[in-house]
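Examination of the molecular architecture
Spelled out, the chains give:
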Amino acid sequence: MTAPRLRTTHLNPIAGGDPSGAPSGRPALVLGPSLGTGAVALWGPIAPLLAPHFELFAWDLPGHGGAAPSTEPFTLAELASAVVAAAGALREEGRIDPALPVHYAGVSIGGATGVQLGHDHPGFFSRISVICSAAKIGTPEAWTERAELVARAGTPTMVVGSAQRWFAPGFIEANPVVSTNLLHTLQDADRFSYAHACGALAGFDLRDGLGAITDPLLAIAGAHDSVCPPADAEALAAGVADGRSAVVPSAAHLAPAEDPEATARLLIDFFTQEDPRG
């Protein structure tokens, strides 16, 4: 697969930042995408609320949001390792201050990557937030079927169904720019990369591995999410060693874009708590 390249706020039009690339003196927060979305479209609405507290770094799935497409299947474990490698490289380059915490927040497949990060790379991230996601999403059969459809017919086949799953009732009408940006990103995604991501989700199931995750974890659910309902967030929080869950009442599957204010409050409160591990 093509490894994710972490992009900063000053390289991506998400929020303001120091164009020199020098550390800001703020903890780093790595932001992960949902399937079919890109960093700018998904995290753009919430980034101005997070930027005063964190140096933001975002990554896109292969073939999404301008990222290079994947040329072969990949797993969630490989995706998590690629994120760690990219963040480690930024730390070595001095873009991430090694003396400050590095946190992670991801949505849907980006949230599943967060679960995998906690399982496979304990302690690399100080705190992890898993948003609108679960330790297992859907069924292998459904993901395989979707992968075959998209590889054959393209990502536009997903637009109508995704619009129904992604957003709470009335959101599209009330927020046409945000919703259109997200749906256009889906429509423009590389179909084979999207299919590879579906394959990764088909093989993802960490329900029996949650007990090994010791990083503090916040699972956030959208009250209207039919893909990963609040019960999934509660199961995540209960399954890890140090977990908690919360619900964004107004959101469905893309909480950072649907209700930036409520989601930002949860993330800022969680990531700015003092870590008892030191």
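Residues numbered from 1 in each chain as written. Predicted model: local features only at pLDDT ≥ 70, side-chain atom pairs only at ≥ 80, totals over all residues. Heavy atoms only, no water.

Below, the discussion takes up helix α12 (residues 260–271). Its 12 residues place the ends of α12 16 Å apart at the C-alpha level, agreeing with the 16 Å of an ideal helix rising 1.5 Å per residue. Every buried residue of α12 is accounted for by P260, A262, T263, A264, L267, I268, F270 and F271. (Helix = DSSP H or I, 4+ residues; strand = E, 2+ residues; numbered from the N terminus. Expected span 1.5 Å × (residues − 1). Buried < 20%, exposed > 50% of the residue type's maximum accessible area, 1.4 Å probe, protein only.)

What follows concerns the packing of aromatic side chains. This structure, assessed with the given rule, holds 6 aromatic pairs. Their ring planes at 15 degrees and their centres at 5.2 Å tell us that F167 and F171 sit as a pair that is stacked. With 5.2 Å between their ring centres and 50 degrees between their planes, F270 and F271 make a pair best called tilted. For the residue pair F270 and F271, the accessibility class agrees, reading buried in each case. Ring-pair connections join several aromatic residues into one group, and the members of that group are F54, F270 and F271. The ring of F124 carries R91 above its face, with NZ or CZ at 5.3 Å from the centroid. (Phe/Tyr/Trp six-rings, centres within 6.5 Å; stacked < 30°, edge-to-face > 60°. Lys NZ or Arg CZ within 6 Å of the ring centre and 35° of its normal.)

One non-glycine residue with positive phi stands out, namely S108, at about 55 degrees. Among the secondary structure elements, S108 is positioned in the loop between β4 (102–107) and α4 (109–120). A positive phi is found at C132, a non-glycine position, where the angle reads about 50 degrees. Its place among the elements puts C132 in the loop between β5 (128–131) and α5 (140–153). Residue classification places C132 among the buried residues on the basis of a relative accessible area of 0%.

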